[in-house]
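Fold and contact review
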Amino acid sequence: MARKRRNHYDVTDRVRISHPGDVATAVLGILSSLYPGHDLQPVRRAYDVFARLYAGTLPGYVGCDTWYHDAQHSLDCSLATTRLLDGYERSMKPANRLGASRGLLGVIIALFHDAGYIRREDDGARNGAEYTLSHVRRSGEFLADFLPTVGYADHVALTRQVVHFTGYEIALDQIKVGHPKDRMLGFILGTADILAQTADRCYLEKCRDYLFREFEICGLAGRAPGAQTKYPTVESLLSNTPDFNRHLWEDRLDGYFGSVHRYMEKHFGGRNPYVEQIQRHLTLIARLGKKSQFHKLSKRPQCVDAPALRRLLGIPATPRGHAKRHPRNAGATLGQAVTAA
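In this text the structure is predicted, and so the values were computed from the model without any measurement.

**Overview of the overall build of the chain**
The helix and strand tally for the chain stands at 13 helices and zero strands. When its helices and strands are written in sequence order, the chain yields α-α-α-α-α-α-α-α-α-α-α-α-α. Relative to a compact globule of 341 residues, whose C-alpha radius of gyration would be 20 Å, the chain shows 19 Å and is just as compact. Along the first, second and third principal axes, the C-alpha set of the chain runs to 55 × 55 × 45 Å. Burial analysis of the chain (341 residues in total) assigns 58% to the buried set. Counting 47 positive and 35 negative side-chain charges, the chain places the averaged centre of each group 4 Å from the other.

Right, here's the structure in full:
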């Protein structure tokens with residue numbers, strides 16, 4: 001009897017996507033084969049900084065405190081981006097490939113595409129979910145500080161635009177990206193983000209337990225006095241999930257992004273396990289929705305927030321910068337924070 005996929009593993013049940021080191025190993029393995037001889041140190045450095053940022057040990061930051069947009073999702077997205085990039089590059093003639101520099105940049109952007117949810121110590125918010133409607137811009141700001149530390153200073157302006165292919169703060173046709181290869185990189189990023197979160201083994205349960213909770217904090221859900229929200233109840237969010245995903249596929253995946261998800265098939269040798277898993281999710285939620293049987297969603301997700309990540313990494317429970325505030329770090333540049341860590 002085949003073993004069931006584990007909650008903290010990717011769609012192949014081979015990569016532990018809750019652990020930065022495991023994902024980095026898988027990603028670097030793909031990149032070293034795809035771009036032999038190219039310096040992969042910027043990506044290695046990115047995973048190191050990511051682990052500290054999300055664990056709350058990077059000076060000036062409090063770590064991940066959101067549940068749906070946790071460390072596992074961003075790690076999963078970076079792996080999906082790398083696989084999609086691999087399939088795309090191997091399907092193209094040399095002149096049409098994105099190339100190593102652009103490819104590595106894409107993996108780094110994918111890794112930090114939700115960094116805007118992470119609060120700084122001098123932020124006024126009480127939870128990162130308060131930045132739901134502005135997190136993409138904030139992610140671009142984080143990347144603008146990080147990229148010069150790994151030799152990508154010349155790509156800051158481009159990155160501030162490309163990261164918006166993962167969000168809704170700017171209309172897709174208003175994202176200012178001139179070169180066709182840079183736009184294709186954006187399509188790959190946007191596609192990988194959607195595939196990773198909707199193919200997560202606990203996607204439906206995470207919508208119920210985590211996404212609704214984040215939406216309540218930012219004002220998109222719940223029954224706040226005098227307010228009309230898009231999702232007044234958890235059931236309304238779950239009921240809308242099939243239509244939401246249908247629009248994602250029509251408008252983005254098979255629409256503006258030009259069906260680049262098909263390049264997963266090249267990477268996996270003819271199949272797309274992400275799409276297969278998504279179809280299973282949507283079949284289940286549609287069936288449960290017909291009879292309002294959402295209580296039958298039975299998986300038990302566990303978010304990988306700062307405390308959980310620290311446990312995984314073997315870091316003491318009260319890291320520097322998390323147990324108390326450090327005014328000396330407030331307003332510090334990321335380069336200074338990385339050096340101080």
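The rest of the description comes next.
**A look at the layout of surface pockets**
Within this model, the largest pocket holds a volume of roughly 760 Å³. Residue lining of the largest pocket: 34 residues in total, with His-69, Tyr-168, Leu-211, Phe-215 and Phe-244 positioned closest to the centre. Only helix H5 (135–146), helix H7 (180–198), helix H8 (203–218) and helix H9 (234–256) provide two or more residues apiece to the lining of the largest pocket. At six residues, the largest contribution of residues to the lining of the largest pocket is made by H9. Classifying every residue of the lining of the largest pocket by side-chain character gives 17 nonpolar, 12 polar and five charged. By volume, the second largest pocket amounts to about 320 Å³. Residue lining of the second largest pocket: 13 residues in total, with Arg-5, Arg-201, Gln-277, Arg-280 and Lys-299 positioned closest to the centre. Of the residues contributing to the lining of the second largest pocket, the split by class is three nonpolar, three polar and seven charged.

**Side note on the packing of aromatic side chains**
Considering all chains together, one arrives at 12 aromatic pairs under this definition. Pairing Phe-112 with Phe-142 gives two aromatic rings, centres 5.1 Å apart and planes at 40°, and the pair type is tilted. You can see Phe-112 sitting in the loop between helix H4 (100–111) and H5 and its partner Phe-142 sitting in helix H5, a full 30 residues away along the chain. Classification of Phe-112 by relative accessible area gives buried; the value is 0%. Feature note: the residues Phe-50, Tyr-54, Tyr-61, Phe-112, Phe-142 and Phe-146 constitute an aromatic cluster, connected by ring pairs. For Arg-138, the ring lying beneath its charged end belongs to Tyr-131, and the centroid distance is 3.6 Å. Above the face of the Trp-67 ring, Arg-213 is positioned so that its terminal group lies 3.9 Å from the ring centre.

**Some points on empty space enclosed by the protein**
What the rule picks out here adds up to one cavity of 30 Å³ or more. What the largest cavity holds in volume is close to 70 Å³. Around the largest cavity sit Tyr-68, Asp-70, His-73, Asp-76, Ala-196, Gln-197, Asp-200 and Lys-206, which together line it. Within the residue set of the lining of the largest cavity, elements represented by two or more residues are helix H3 (71–91) and H7. Among the residues making up the lining of the largest cavity, the classes are represented as two nonpolar, two polar and four charged.

**Topic: the environment of His-179**
Position of His-179 relative to the elements: it lies in the loop between helix H6 (156–162) and H7. Looking at His-179, the relative accessible area reads 40%, which means it is partly exposed. Taking C-alpha positions, His-179 is 45 Å from Leu-288, a pair spaced 109 residues apart along the chain.

**Digging into the pattern of salt bridges**
Counted under the stated rule, the structure contains 16 salt bridges. Two residues, Arg-120 and Asp-122, come together in a salt bridge whose shortest N-O distance is 3.5 Å. A relative accessible area of 40% means that Asp-122 is categorised as partly exposed. What emerges from the salt-bridge pattern is a single network uniting Arg-45, Asp-48 and Arg-52.

About the thresholds
Residues numbered from 1 in each chain as written. Predicted model: local features only at pLDDT ≥ 70, side-chain atom pairs only at ≥ 80, totals over all residues. Heavy atoms only, no water. Helix = DSSP H or I, 4+ residues; strand = E, 2+ residues; numbered from the N terminus. Rg over C-alpha atoms; globule rule 2.2 N^0.38 Å. Buried < 20%, exposed > 50% of the residue type's maximum accessible area, 1.4 Å probe, protein only. Lys, Arg positive; Asp, Glu negative; His and termini not counted. Charge placed at Lys NZ, Arg CZ, Asp CG, Glu CD. 1 Å grid on protein atoms, 1.4 Å probe; cavity = no way out; pocket = protein on both sides within 12 Å on 5 of 7 lines; lining within 4 Å. Points joined across faces, edges and corners; volume = space filled by probe spheres on them. Nonpolar A, V, L, I, M, F, W, Y, C, P; charged D, E, K, R; others polar. Phe/Tyr/Trp six-rings, centres within 6.5 Å; stacked < 30°, edge-to-face > 60°. Lys NZ or Arg CZ within 6 Å of the ring centre and 35° of its normal. Salt bridge = Lys/Arg side-chain N within 4 Å of Asp/Glu carboxyl O.

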